[in-house]
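Residue-level structure breakdown
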Amino acid sequence: MIKKIILLSFLLKGLITFQLYAQSPVTVSGRIKDAEARPVEGAIVMLYRVSDSLCIKTALSEADGKYELTAIHPVPVFFTVTHQLFKEYRSGLLTPASLQSDFLLPDILLESAGEMQTQDVVITATVPFIQRKTDRIVVNPDALIGNSGTTALEVLEKSPGVQVDANGLISLRGKQGVMVLIDDKPTYLSSTDLANYLKSLPSASLATIELMTNPPAKYEAEGNAGIINIRLKKTKKEGLNGSISTSYGQGFYARSNNSLVLNYRINKFNFFTNSSFNINNSYQDLTIKRTYSSASGVLNTIFRQRTFIKKEMQSANVKFGVDYYASKKSTFGIVLSGFRNNEGHTTSNLARIYDGQSFLQNSVTAYNPSTRIFKNGAANLNYLYKLDTLGREITINTDYIGYDSRQNQSLLSNTYLPDNTFVSKTNLVSELPAAIGIWSAKIDYVMPLKKDVTFESGVKTSLVNTKNIAQFWDEENGALTVNNDFSNNFTYRENINSAYINGSKTGKRFSAQLGLRFENTQIKGIQLGNASGNNDSTFVRSYSSLFPTTYLTCNLDSASVHQLGFSYGRRIERPDYQSMNPFTYPLDRFTLYAGNPFLQPTYSHNLELSHTYKNSITTTFLFSVARNVISETIEQNTNIFYSRPGNIGKQYASGITVDAGFPITKWWTLQFHAEAIYNDFQGELYNLMLRNKGWFAYFGPVNQFQFKHQWSAELAGSIQSSVPSAQFVTIPVWGMRAAVAKQWMKGKLSTKLSINDMFYTFQPGGDIKSLYNSTAEWKSYLDTRVLTVSLSYRFSSGQTLGIRTVGGADSERTRVK
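Here we summarise the structure given alongside this text. (Residues numbered from 1 in each chain as written. Predicted model: local features only at pLDDT ≥ 70, side-chain atom pairs only at ≥ 80, totals over all residues. Heavy atoms only, no water.)

**Some words on the overall build of the protein**
- The number of helices and strands found in the protein is 3 helices and 46 strands.
- For the protein, buried positions account for 53% of its 817 residues.
- Of the contacts formed within the protein by residues at least 6 apart in sequence, a portion of 68% connects residues at least 24 apart.
- Of the roughly 36,200 Å² that the protein leaves accessible, carbon and sulfur atoms contribute 60%. (Helix = DSSP H or I, 4+ residues; strand = E, 2+ residues; numbered from the N terminus. Buried < 20%, exposed > 50% of the residue type's maximum accessible area, 1.4 Å probe, protein only. Contact = heavy atoms within 4.5 Å. Areas by Shrake-Rupley, 256 points an atom, 1.4 Å probe, with all protein chains shown as cover.)

Below is the structure:
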C-alpha cells in the first residue's frame, strides 16, 4: 500500500510537471529604481528555479530601469537583483498560478550599498563576456580583466571569431571584408588606418562590441563578412557623472592609454564627452625568403630580407555632444568628434641576393624614415520625434566627416658587392597628401503594430569625394629631381542611395524578422597623371542590387531548453576608396604597391543554422559563397613583387562554431569560443590558376575567478591552426594571457595587473601561393608580450535617462585609406 502511495505521488508530481511544462511560457517585466524612485541602469536580474536553485534566465536593466525576463515556464521560481552600488534584492516566490500570462511586476526599489555596515564580503554583479541575441553576438569588454589598459584593437583580437593579422586586417570567421562601425557610424578607413585608429581607442572607452555576420536590413549591406559595431561608453544622469582610466604597459617599448568619460545633465540639456590620449610604441621584426626559378624549374636566385620596423604613435580622440529634450516627443542633438594621430615609422632592412647555389651576389641596405599626421573631424545633427506612446518614432541624421593625411618619407638604399665593396646609392623622397570629404543623410521610421509586430523602414544617401596626390623626387648630392614614374594625381567620387523595409514578429515559441534593402552605387575616378602627362585615365560605373535578410527562431519546448535559429543575408563589399587609386609606389627596391581601378565589388550569400541549449551552449552551422572576393594579391614580375588589391573568383566557406559559458564552481566560470571552418578559394590570378583550400580551427577559453574581498583573476588563451585565405596560408599560432584585479571604495576604484602573450608565442607567418616561377614565405615577431597596470575610477549620481543611438553614415568610414 505504501509503495502504491509513493508511486501515485510520483505519477501525480510528473503529471503536474507535465501540465505545467505544456503551458505556454510567459514574460515577466518591471522596473528597477533606487530609494528616490530614480531608474537604475545596469542591474543584473537572475531568475532561479526553486527545485534546484539553477539560474535559468538573466537580464540587464536598461537606461530607464526596465528589465524583461522572457520565455519563463510556469514553475516555482524566484529572482535576485544585484548592482555594485546597491544591496542585493531577493524576490519572493513566484508560483505557477502567478505565471499563467505575461504581467508587469511592481517597481523594485534598491537600497544603497552606502547604508550597509562595513563588511569583508561585498556583493558584486558581473556581465558575461559574450551575450548572444537573435541577429548578433554582444561582447562586453569590461567583463575581462585582461582587457584593462589595452586598446580597442586588442579587445577585438580576443572577441569570438575575430582575427587580426600583423597589418591590422580584420577578418570574421575566416572571411575578409568586415565593416567596422563606431556607435553605428562608419569609420571610412582602410585596414591600416582603421587598425591605427582602433589602437588609439583605449578599452576603457568601450561599452560593447556587436558582431553581426548577417546584419539586419537597417544596416548598410556593405561588408562581405558582416559588421562589427563598437559602442563607446555613454550614460545620461542628472548632475555630473563619469569615469577616468589610466594605464601603463611595458613590452619591448612602452605604451599608455588614458581616457575620460563625462556626462552632465541640467534641466532639458544633456552634455556628454568621451576623450582619450594614448601613446603606442611597438615594433615588427619581419623576415622574408623568396626563390626564383627558370621556366624549367631550375633554381636561379634566392632572396633573403630582414626588416625591423619601429612604430611610434601618439593619438588624441575627443567626442562631444549635446541633447536637447524640447518636449516629451522631440529631442534634438549634435555630436562633434575628431582625432589626431602623429605616426612615425623607422624601417631598416638588409637584403641579400644569392644565386641558385647559395653564393652571395650582392646585398642592399635600406633606411626608410616616415612621418604622418592623420586627422579627422566629424559633425552629426540628429532629431528624434516620438509620434505616440506606442513606440512609433522618426529619426533623422545628417553627417559630415572629413579626413586629412600628410605623409613624408624617404627611401635610402645602398648596394654592396659580396666583399662589402660599395656599388651605388639611391634616395627616393616623397610627399603623399590626401583628403576625403563625406556627406550623408538618412531617415528611419519605426512603427510597432499589434501582436508583437514591428515595422521599420528608412532611406539614406551619401556622397564621397577623395583627392590623392603622390609627389616623388630622386635625391642626388642634395638636389631633387621629379620622378614621374611614381608621381601622380587621382580624384574619386562616389554616390550611394539606399532604402530598406524590415518587419519582425515576436511570439512565445516562434519569432521571425524579414528585411529587404536596395542600394544604388555610382562612381567616377579620374587619374590626372603628372607633369609629363602620363597615365591620364577615367572610369565610370553604376550598379544596383537588392539585399534580403531573414531571421527565424523557434523554442522547441516551452521551457526554452532547446532553441533553433536560422539566418540568411546577401552582402556586398565595395573596394576601399584608395584601392581604386592606380598609383604605384615602392615599399622597398624589391616590393612595389599599386592600386587597381578595375576592382569589382564582392557579393556573398550567407546562411547560418544554430541550436542553443539552456541558454548556455550555442552551436552554429554556417555556409557562405562569395564571388569576386576582394583581397591583397601578389604578382611576381622580373624578380619584383607587386602587391595590389585584386578580385579572386570564388570563395566557399562552411563549418561549425560553438559558444559556451557555465560555472565550474561558485567562484570559477568558464567561457569559450571554438570554430572549425573549411575555406575554398578558386580563381585565375595573373594568368595562373589559384586553388587554396583547407580547414582551420580555433579554440579560445576564458577562465574567470571571483575571490573574497573583491579580488578577481583571469586566465585565458587561444590556439589557431594554419588558415588558408585568398593567396596566403598562415602558420599556426597560440598565446596565453593572465590578469588579476582588486576593487576598492565599494567598486568605484579598480586596479588591475595583466600580461598578454606571456610565452611570446603569438607571432604570425605564412606562405604565398600561385606565384609565377617563384615561392615566398614570411615570419614576423611583434611586440605582443606586454605587462600592463591600470587604474580606473568612476563616479555616478542622478537619474539615468535613455541613451540614443545617432549617426547616419553607416558604411563609408570603413573604406578610407
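**Some details on the pairing of strand S30 (residues 537-555)**
- One ladder, built from 18 bridges, connects strand S29 (residues 510-527) with S30; its direction is antiparallel. Directly across from Ile 526, in S30, lies its bridge partner Thr 538.
- Pairing of S30 with strand S31 (residues 562-573) involves 7 bridges; the strand directions are antiparallel. Each residue of the ladder has a partner; that of Tyr 551, found in S31, is Ser 567. (Pairing = 2+ DSSP bridges.)

**Some points on the pairing of strand S43 (residues 749-756)**
- As paired elements, strand S42 (residues 733-744) and S43 share 7 bridges and run antiparallel to each other. Its bridge partner lying in S43, Trp 744 is registered against Leu 749.

**A few points about the pattern of salt bridges**
- Applying the stated criterion to the full structure yields 17 salt bridges.
- A salt bridge links Asp 107 to Lys 33; the shortest N-O distance between them is 3.0 Å. Highlighted residues: Asp 107 in the loop between strand S7 (103-104) and strand S8 (108-109) and Lys 33 in strand S1 (residues 26-33), separated in sequence by 74 residues.
- A residue is classified by how much of its surface remains accessible, and Asp 107, at 40% relative accessible area, is partly exposed.
- In this structure, Glu 222 engages Arg 574 in a salt bridge whose closest nitrogen and oxygen atoms are separated by 3.0 Å. Taken as a pair, Glu 222 in the loop between strand S15 (206-212) and strand S16 (226-232) and Arg 574 in the loop between S31 and strand S32 (584-588) lie far apart in primary sequence, 352 residues in all. One exposure class covers both Glu 222 and Arg 574, and it is buried.
- Several salt bridges converge on common partners, so that one network encompasses Glu 220, Glu 222, Lys 460, Arg 517, Glu 519 and Arg 574. (Salt bridge = Lys/Arg side-chain N within 4 Å of Asp/Glu carboxyl O.)

**A word on a nonpolar patch on the surface**
- Taken together, Tyr 248, Trp 667, Phe 707, Trp 711, Val 740, Leu 753, Leu 787 and Val 789 make up a surface patch of nonpolar side chains, about 740 Å² in accessible area.
- Residue placement: Trp 667 occurs in the loop between strand S36 (640-663) and strand S37 (668-685).
- The partly exposed category is assigned to Trp 667, whose relative accessible area is 40%. (Patch = residues over 30% accessible without salt bridge, like charges linked within 9 Å, V, L, I, M, F, W, Y side chains within 5 Å.)

**Structural notes on empty space enclosed by the protein**
- Counted by the stated rule, this structure contains 7 cavities of 30 Å³ or more.
- By volume, the second largest cavity amounts to about 250 Å³.
- Ile 182, Tyr 197, Leu 232, Lys 319 and Ser 337 are, among the 19 residues lining the second largest cavity, the residues nearest its centre.
- Of all the secondary-structure elements, those providing two or more residues to the lining of the second largest cavity are strand S19 (269-293), strand S20 (299-325) and strand S21 (330-355).
- It is S21 that contributes the most residues to the lining of the second largest cavity, 4 residues altogether.
- Grouping the amino acids of the lining of the second largest cavity by side-chain chemistry returns 7 nonpolar, 8 polar and 4 charged. (1 Å grid on protein atoms, 1.4 Å probe; cavity = no way out; pocket = protein on both sides within 12 Å on 5 of 7 lines; lining within 4 Å. Points joined across faces, edges and corners; volume = space filled by probe spheres on them. Nonpolar A, V, L, I, M, F, W, Y, C, P; charged D, E, K, R; others polar.)

**Let's talk about the side chain of Thr 466**
- Tracing the backbone through its elements, the reader meets Thr 466 in strand S26 (residues 453-476).
- Those residues in contact with Thr 466 that sit more than four places away from it in its chain are Ala 435, Ile 436, Phe 490, Thr 491, Tyr 492 and Tyr 577.

**Some thoughts on the nonpolar core**
- Counting 55 residues, the largest nonpolar core has Ile 170, Leu 198, Ile 209, Ile 228 and Ile 230 as the members making the most contacts within it.
- One finds Val 40, Leu 69, Val 81 and Leu 94 within the second-largest nonpolar core, a separate group that totals 20 residues. (Core = buried A, V, L, I, M, F, W, Y, C linked by side-chain atoms within 4.5 Å.)

**Looking at the environment of Leu 556**
- One can find Leu 556 in the loop between S30 and S31.
- Relative accessible area serves as the criterion here: at 44%, Leu 556 is assigned to the partly exposed category.
- Between the alpha carbons of Leu 556 and Phe 510 there is a distance of 9.1 Å; along the sequence they are 46 residues apart.
- Apart from the residues within four sequence positions on either side, Leu 556 is in contact with Arg 509, His 562 and Leu 564.

**With respect to the sheet that holds strand S10 (residues 137-139)**
- Spatial ordering of the open sheet is given by S9-S10-S15-S16-S13-S14, a layout of 6 strands whose pairing is mixed. Only two strands of the sheet have a single partner each, and these edge strands are strand S9 (130-132) and strand S14 (185-186).
- Bridge analysis of S15 against S16 gives 6 bridges, and the strand direction is antiparallel. In the sheet register, Met 212 faces S16, and the bridge partner there is Ile 227.

From the geometry alone we can't say anything about function, so treat these as descriptive.
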